[in-house]
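Chain by chain, the residues run as shown.
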Amino acid sequence: MKREIPRQQSLIVPEIQNPFVHKIQLGYLDMLQVAFMSVTVAPLRLLLVGVCLLLAWPLAALAVAFRNEKEQKEPLSGWRKTIGTPCLYLGRIMTFCIGFQNVKIKGEPAASRDAPVLCGAPHSSFFDVLTAFYSSEVPSFVSKAENSGMFLISALLKFTQPVLVKREDPNSRQNTVKEIQRRAQDGGWPQIIIFPEGTCTNRTCLISFKLGAFHPGVPVQPVCLKYPNRLDTVTWTWEGPGIFTMLWLTLCQFSTSLEIEYLPVYVPNEEEKADPKLYAHNVRKVMAEALKIPVTDHTYDDCRLMMKARKLNLPMESGLVEFQKLHKKLGINLDQMHNMLEKFSSIDLQGKGGITLSEFAKYLQVPESQSLEEVFAMYDRDDSGSIDFREYVIGLSLISAPANTESTISLAFQLFDSSKQGYISEDDLSHILYNSFAMVDVDVAELFKQIDADEDGKITYEEFKAFAEKKPEYAPIFLAYQELSKSNVNENATMETVKEEDEDHIKSE
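So, how was this worked out
- Counting from 1, residues in each chain are numbered in the order their sequence is written.
- For a predicted model such as this one, the threshold for reporting local features is a pLDDT of at least 70, and the threshold for listing and counting side-chain atom pairs is 80 or more; totals across whole chains, interfaces and linings nevertheless cover every residue.
- With hydrogens and water set aside, each side-chain value is computed from the structure's full complement of heavy atoms.
- Two strands are said to pair when DSSP picks up at least two bridges between them.
- Labels follow the DSSP assignment, with helices taken as runs of H or I lasting at least four residues and strands as runs of E lasting at least two, numbered in each case from the N terminus.
- All axes are obtained by fitting lines to C-alpha atoms, using only the stretch in contact for helices, and the reported angles, taken between N-to-C directions, cover 0 to 180 degrees.
- We call two residues in contact whenever any of their non-hydrogen atoms come within 4.5 Å of each other.
- Polar contact is the term for a pair of N or O atoms within 3.5 Å; when the atoms are in protein, one must be able to donate a hydrogen and the other to accept it, and sequence-neighboring residues count only if both atoms are side-chain atoms.
- Nine residue types can take part in a nonpolar core, namely buried Ala, Val, Leu, Ile, Met, Phe, Trp, Tyr and Cys, and a core is a set of them joined through side-chain atoms within 4.5 Å.
- Categorising residues by exposure relies on relative accessible area from a 1.4 Å probe, with only protein chains included: less than 20% of the type maximum marks a residue as buried, more than 50% marks it as exposed, and the intermediate range marks it as partly exposed.
- In a helix, the anticipated span is given by 1.5 Å times the number of residues less one.
- What the arc covers is the set of directions going from the helix axis to the C-beta atoms.
- In these notes the angle categories are as follows: under 35 degrees is roughly parallel, over 145 is roughly antiparallel, 65 to 115 is roughly perpendicular, and the rest is oblique.
- The crossing is said to be left-handed when, going from far helix to near helix, the turn is anticlockwise and less than a right angle, and right-handed when the turn is clockwise.
- For this classification, the nonpolar set comprises Ala, Val, Leu, Ile, Met, Phe, Trp, Tyr, Cys and Pro, the charged set comprises Asp, Glu, Lys and Arg, and every other residue, Gly included, is treated as polar.

Q: What is the right way to read the sheet that holds strand 3 (residues 140-144) from this model?
A: Sheets are built from strands that pair by backbone hydrogen bonding, the pairs being arranged parallel or antiparallel. The strand order across the open sheet formed by seven strands is 1-7-6-2-5-3-4, and the pairing between neighbours is mixed. Strands with a single pairing partner mark the edges of an open sheet, and in this sheet they are strand 1 (102-106) and strand 4 (163-165). Neighbour-to-neighbour, the strand axes of the sheet open up by a mean angle of 25°, direction not taken into account. The pairing of strand 1 with strand 7 (residues 257-262) spans five bridges and is classified as parallel. Bridged to Val103 within strand 7 is Leu258. Helix 6 (residues 172-186) contacts strand 2 (117-121), strand 3, strand 4 and strand 5 (192-194) of the sheet and is inclined by roughly 175° relative to strand 4.

This is the structure in structure tokens:
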């Protein structure tokens, strides 16, 4: 009979399990359309996009030319700022040339003095930057400092007056926050557009927001993005078609739709100003309600775990565990998670992203038994018959690690040291494992060699403890076996009592 295991609601599986996958299915008519557009319209569109960029470049270069170091720290003004208007129109023309003939704007873009930060989500494509051309003025971006030196791009980027991030600078994040605060207080600066998810998803949910947009504690205007198209050729995320494939497929569509909805400006209260996490959480909630999609606690760290899973020849989605949630609830850091994933991979012999009961038994070098089935059931939270990586991490943290105490190890050692010699002999180990798991001598001998580190034919307490700490999965098995042993003892005692009562009854008759 399977033991009932209480489940923490805070660790339930997210509604959207993989927001980092996008699959596109082209029908025969779609493929015919792509073939036709590839030799007719798409090359022309690409040429026109290049023309728009070449026209915008001298305007941008002129706007930022001949500015001294002091002026570069101030917002553009006068005729320099006026150049932003033709640049916005060129950007909209370029958007039209790409194929976005149907761009709908909902709500009103706020002025920079009312909302210094634009918060865009969901972030699913490089096309999201096109929203910048539909703001009230050319917005700024947060960009890598290296981009400011790129040919052609550098002038266009400098014109947006970006907040430059130097990745080699350990104080880069603090400096970014200070710069956003400074611009918000000084006034006259363009808005800064930030996509707080920090990575691209498939738009089925909103993942965790990074805190860069919320640390300054200034008002933000949420901007919701939708691409209501029959064929989704714009989504570019971690698993699916590459960037150039999606770009070309979009160029080969007759028309691509984009909806930009400006929600009311969100002004943080004092509690939110003091707690950027709360501020980010509340803004995300407002945006999710407007978009009518759920939220999850996935982050960029889950993407890194996906890449790790692929290197280990596991399905990429194996690494999706909502890392930040598990980090907060269980105290596991990213390095520990990577180590757990490697261990999980070594147990998952078939590489399917799930550990079966037989694989679990093989890893622990014990036969399938009632005790093992009970432990397996505690790990298998969704009763699917296999343990995925998320379940394995939770099981190790909530079941094995707490059970793997000095007391448990000591009791288990005493159980195996049936001869009370202060060490476990191979005969001791064989006797217990045969009775409890029906293990044959060959399997016992192999397990004994692994535990007997100094190969002296004896397992000391230190060796037994070291092995138990290396494989904490054994701890709940020890406990399950101890409970089973007690149950058997009690059952035998009950039988003896019944037998004695029957004998007394017969004698009295």
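Q: Explain the environment of Trp238 here, please?
A: Tracing the backbone shows Trp238 in the loop between strand 6 (220-226) and helix 7 (243-251). Expressed as a C-alpha distance, the spacing of Trp238 and His22, which sit 216 residues apart in the sequence, is 8.1 Å. In this structure Trp238 touches Phe20, Thr199, Cys200, Tyr300, Cys303, Met306, Met307 and Met316, once residues within four positions along its chain are discounted. Here Thr199 takes part through its side chain, which lies 2.8 Å from a polar atom of the side chain of Trp238.

Q: It is not clear to me how the nonpolar core should be interpreted in this structure. Could you clarify?
A: Grouped burial of nonpolar side chains is what soluble globular proteins tend to show. One finds Met337, Phe389, Tyr392 and Phe464 to be the most contacted residues of the largest nonpolar core, which totals 51 residues. Among all residues touching Met337, those that are not within four sequence positions of it are Leu305, Val321, Phe323, Leu326, Ile332, Phe389 and Val393. Among the nonpolar cores identified, the runner-up in size contains 27 residues, and Val49, Phe195, Leu225 and Leu249 belong to it.

Q: Teacher, can you tell me more about helix 6 here?
A: Structural remark: α-helix, 3.6 residues per turn; residues separated by three or four positions point the same way. For helix 6, spanning 15 residues, the distance from its first C-alpha to its last is 21 Å, which sits close to the expected 21 Å at 1.5 Å a residue. Those residues of helix 6 not exposed but buried are Ser172, Thr176, Val177, Glu179, Ile180 and Arg183. The buried side chains of helix 6 occupy one side of the element, clustering within an arc of 160° when seen end-on. Helix 6 presents Gln174, Lys178 and Gln185 as exposed residues on the side facing more than 90 degrees away from its buried surface.

Q: Please clarify how the packing of helix 10 (residues 300-311) against helix 12 (residues 334-347) should be interpreted in this entry.
A: For any two helices packed against each other, one specifies the crossing angle of their axes together with the interaxial distance. Running from N to C, helix 10 and helix 12 point in directions that differ by 30°, and their axes come no closer than 10 Å. Here helix 12 runs roughly parallel to helix 10, going by the angle between their axes. Taken as a pair, helix 10 and helix 12 cross one another with a handedness that is right-handed. Contacts from Asp301, Arg304, Leu305, Lys308 and Ala309 of helix 10 reach helix 12 at Leu334, Met337, His338, Leu341 and Glu342. Broken down by class, the residue content of the contact of helix 10 with helix 12 amounts to five nonpolar, one polar and four charged.

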